[in-house]
Amino acid sequence: MYWRVEGSLLDLTVVQPVAFFTWNAQTFIERFQRRGLILLMALLRPFLYSTNRKFATRVVHTGLRGVTRDRLDLLGEEYFKYKLLPLLKTRGVQKVQELLLAGADVVLVSQGLDHIMRPLAKHLGVKHIVANRLEFRDGVATGRLLEPVIRPRGALALIREQTPDGRRAPKTLARHLDISVDALRAAVIPAGRQAAAPARPIVYFDGQRQASNFSVRRAFAGKHVMLIGVTGFIGKVWLANTLLDLPELGRIYLLIRRQKSNPAERRFEKMVEESPVFDPLFERYGSEFPDFLREKVEIIEGDVTQPGLGLTADTSRRLQKNLDLIINSSGLTDFNPDLRDALAANTDAPLNLLEFVRTSVHAGLLHLSTCYVAGEHDGRVSERLTPNYNPRRLPGFDAEKEWQDLHELVKQAEERAESHEINVELRKQALAKEHAAKDLQGAALENQVRKNKIRWLKTYLTDAGTKRAHELGWPNTYTLTKSLAESLIAKRGTGLPIAIVRPAIVETSVAKPFPAWNEGINTSASLSYLLGTYFRQLPSNESKRLDIIPVDAVCAGMTLIAAVVIERQHELVYQLATSVTNPCDMGRSIELTSLAHRKHYRAQEGLESWLRLRFDAIPVSKTRYNRMSAPAQKAIVKSIQRIMAPLPLKKTPLVKAERNLQRVEKLIELFEPFILLNEHDFAADNVEKLSHALLPEEHNEFAYDTRSLDWWDYWINIHIPALRKWTYPLIEGRPLEARPPRNFQLAPANGEAVKTGTNGATWRYS
């Protein structure tokens, strides 16, 4: 049943929505240019409509040329919610609702763009629409309307058709629109937003096919798995998802390091008590959750950075006998940390695990690395491991020797920190301290010197690691140490069942353990936060692909790969990425981030929100950034401060502004390799082959699927709202949203303590 919107539901014109879209273009210059164009359209409109209403409708919509589909979809929702919704005609809405309740298939017909009609249809519960549609090329409007063009009603219709009943017979409606009935039927489209998933066939060029009817459940049934890094973002999600999806699994051992007086068991209890990741498990099992965990989980206190994993002899022998798989998701993810910490967590720990696997009866190893071990490399990055890889391809480079040299560098730095020369310099610094540290003597002076020594050594080793990474072609110490681990695993792990998994930038979950889960200040959070302020110009390569992947997609890939490692059908390297399967370039990522912030601020009240929603971030060249953004603004602030220096002011007013600009500069510098340099395209063929080979009945639960990701929906409705809830408060120094207290110490319903698989620990739950 066709229902004409104009007259019955809304008094909608063609020009007003187009004007709203153009007035909210991405850049300030573009907004003024398009406003001038709309003004011209308004002047010409009476003459155009008097000659040919279809042609006039086409001309009006040429003003949207160059606007992205992403922006039109968001602005369409906004226009309906804040402009049209208050104007909906109550009687017309009631009649539509009555028809829908009676089972009628209502099709809304309107001269408005589909970007506006879709939110209206969703509001009414209508499933199909006929509306004007723009042509898009690569997601950008050409300014041309697709056939059929829904022309506005005539002057008489504006008077005659002002009734709450918008029903129209197909022949009558087709005549009014000056199209055929067949064309009218062909113009019906779904009311829901359609996101086309790029189709990529699975082709086996090497002739090696993954065995079909592959079963994750069968592979994991009764198996014993040890997870390392459960306190991290990926580790927590993988554990929660696995406990939800794989009850067939025999047992999961969690290797957790003791923190001073905080034992491993208590760290796990606190994590279960506080982390929202476990909410779905609490909802499923309720009071039986402690018993379920007692059956499935065992806490092992150890330290993967220590030889033998820091385990007791008895525990080590038991695990070497029982384990089928070790999953190492641990590691230090700071980009430029103290070199000692980076080597211990990212390089030494995997080698310790390698030796543990070698002495095990039948354990395999899944080791999490990162796609960005590629370093300074442009183009497609294949799923291969090159021995002794370094991005600069320096001749004679040996990963084993580099690893040893870095440890020697650490040793020499520690010795230098104890030298007479450094001690004299640090003592001078302590004596020169102002305020509370001035005129120190005796033990207080020695204590200050000791603190300065710790700080000096940390700074020295941080700078040394960063410098060496840059010399070899890696952007930071993190990727250097991760790549060294890969090369050493390849060299020392020959013949062992090992899979290296390289995720890209791991971000907010889509569905598991629940939609929109994120944690901590991770890779893109600081940048996305910055784009929600008045900062507008981000130096970036507009066409560079930003490789974001949801954490639940990473965990799904890990589960698939773990299953084939257990069955010894695995490849050596698996990349989990989207830059090839479902690319989203920097230009689009920046605009989507700004649109997500706009949606948030549009729902707020106050001048601050009104201003912020008008500051869209844009990608710019590094030259323009230096000339017009943070560096230039900092130079201006410094000049003003120099002029004001002779004035008798207690505190220079612009100190805080200069400090903020310095922080922005450092943040941009840190992320330049990921947003401006090195155009990586990470292939992820191996995991897709696994997913393709899954049993049909397991596909919905365990398939790895990044091709169906709708980046518009992900960025605007999932990712940025998740960061606002879980991450931005941490950046701003605010507490997270309060949650109901949950005390978790495993015990049965009668309250008696229960011995669990946690080395004798007792847990209770209430």
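See above for the structure.
In this report, we go over the structure that sits alongside the text. Just so it is clear, the structure is predicted and the values come from calculations on it, not from any experiment.

Attention now moves to the packing of aromatic side chains. By convention here, two paired aromatic rings are described through the distance between centres and the angle between planes. Across all of its chains, the model carries 20 aromatic pairs by this definition. Between Tyr-285 and Phe-292, the aromatic rings sit 4.2 Å apart at their centres with planes inclined by 15 degrees, giving stacked as the arrangement. By relative accessible area, Phe-292 is classed as buried at 9%. Both rings, one in Tyr-714 and one in Trp-715, keep their centres 6.2 Å apart while their planes meet at 75 degrees; by these two values the pair is edge-to-face. According to the relative accessible area criterion, Trp-715 is buried, its value standing at 4%. Three or more aromatic residues link up through ring pairs in this structure, and these residues are Phe-335, Tyr-372, Tyr-478, Phe-671, Phe-674 and Phe-682.

Over its 16 residues, helix 23 (residues 551-566) extends 22 Å from the first C-alpha to the last, a length consistent with the 22 Å expected when each residue adds 1.5 Å. Most of helix 23 sits out of view: 16 of its 16 residues are buried. Within two residues after helix 23, Arg-568 carries a phi angle of roughly 60 degrees, on the positive side.

Space inside the largest pocket adds up to approximately 1500 Å³. As for the largest pocket, its lining consists of 48 residues, and the residues nearest its centre are Gly-232, Gly-331, Leu-332, Thr-333 and Asp-334. Reported here for the second largest pocket is a volume of approximately 1100 Å³. Forming the boundary of the second largest pocket are 36 residues, of which Thr-68, Asp-70, Asp-138, Gly-139 and Arg-588 lie nearest the centre. Tallied by class, residues from the lining of the second largest pocket come to 14 nonpolar, eight polar and 14 charged.

Most of strand 9 (residues 251-256) sits inside the fold, with six of its six residues counted as buried. Alternating positions in strand 9 separate into two faces, Arg-251, Tyr-253 and Leu-255 on one and Ile-252, Leu-254 and Ile-256 on the other, with burial throughout. Pairing of strand 8 (residues 224-228) with strand 9 involves five bridges; the strand directions are parallel. Paired with Val-225 across the strands is Ile-252, a residue of strand 9. Once the chain exits strand 8 it traverses helix 12 (residues 233-245) before rejoining the sheet at strand 9, and the crossover so formed is right-handed. Relative to strand 10 (residues 297-301), strand 9 runs parallel, the two sharing five bridges. When the bridges of strand 10 are listed, Leu-255 appears paired with Ile-300.

This part is about the pairing of strand 14 (residues 498-503). If a strand is regular, its side chains alternate between the two faces of the sheet. Here strand 14 lies mainly inside the structure; six of its six residues are buried. On strand 14, burial covers both faces: Ile-498, Ile-500 and Arg-502 on one face and Ala-499, Val-501 and Pro-503 on the other are all buried. Pairing of strand 14 with strand 18 (residues 573-576), which is carried by four bridges, proceeds in the parallel orientation. Paired with Ile-500 across the two strands is Val-573, which belongs to strand 18.

Once that is clear, we can look at the nonpolar core. Membership of the largest hydrophobic core comes to 117 residues, with the highest contact counts inside it found for Leu-254, Phe-268 and Ile-561. The element contributing the most residues to this core is helix 23, with twelve residues. With 49 residues, the next largest nonpolar core counts Leu-351, Val-449, Trp-474 and Ile-498 among its residues.

Scoring rules and cut-offs
As a convention, each chain's residues are numbered from 1 in the sequence order in which they are written. Given that the model is predicted, a residue must reach a pLDDT of at least 70 before its local features are reported, and side-chain atom pairs must reach 80 or more before they are shown or counted; all residues, however, enter totals for whole chains, interfaces and linings. Hydrogens and waters are ignored; side-chain quantities use all the structure's heavy atoms. Only centres within 6.5 Å qualify two rings of Phe, Tyr or Trp (six-membered ring in Trp) as a pair; their planes then separate them into stacked at under 30 degrees, edge-to-face at over 60, and tilted for everything else. Partly exposed describes any residue whose relative accessible area lies between the buried limit of under 20% and the exposed limit of over 50%, with all areas from a 1.4 Å probe on protein chains only and scaled to the type maximum. Think of it this way: any DSSP run of H or I at least four residues long counts as a helix, any run of E at least two long counts as a strand, and we number them from the N terminus. The span one expects for a helix is its residue count, reduced by one, times 1.5 Å. In this analysis the probe radius is 1.4 Å and the grid spacing 1 Å, with only protein atoms considered; a cavity is a set of points the probe fits into but cannot get out of, a pocket is an open set with protein on both sides within 12 Å along at least five of seven lines, and lining residues have an atom within 4 Å of a point. Grid points are joined across faces, edges and corners, and a volume is the space filled by probe spheres set on the points. Throughout, the ten residues Ala, Val, Leu, Ile, Met, Phe, Trp, Tyr, Cys and Pro are labelled nonpolar, Asp, Glu, Lys and Arg are labelled charged, and all others, Gly among them, are labelled polar. Think of it this way: DSSP has to see at least two bridges between two strands before they count as a pair. Consider the strands pointing away from the viewer: the crossover is right-handed when the path from the first strand over the helix to the second runs clockwise. By convention a nonpolar core is built from buried Ala, Val, Leu, Ile, Met, Phe, Trp, Tyr and Cys residues, the set being connected through side-chain atoms within 4.5 Å.

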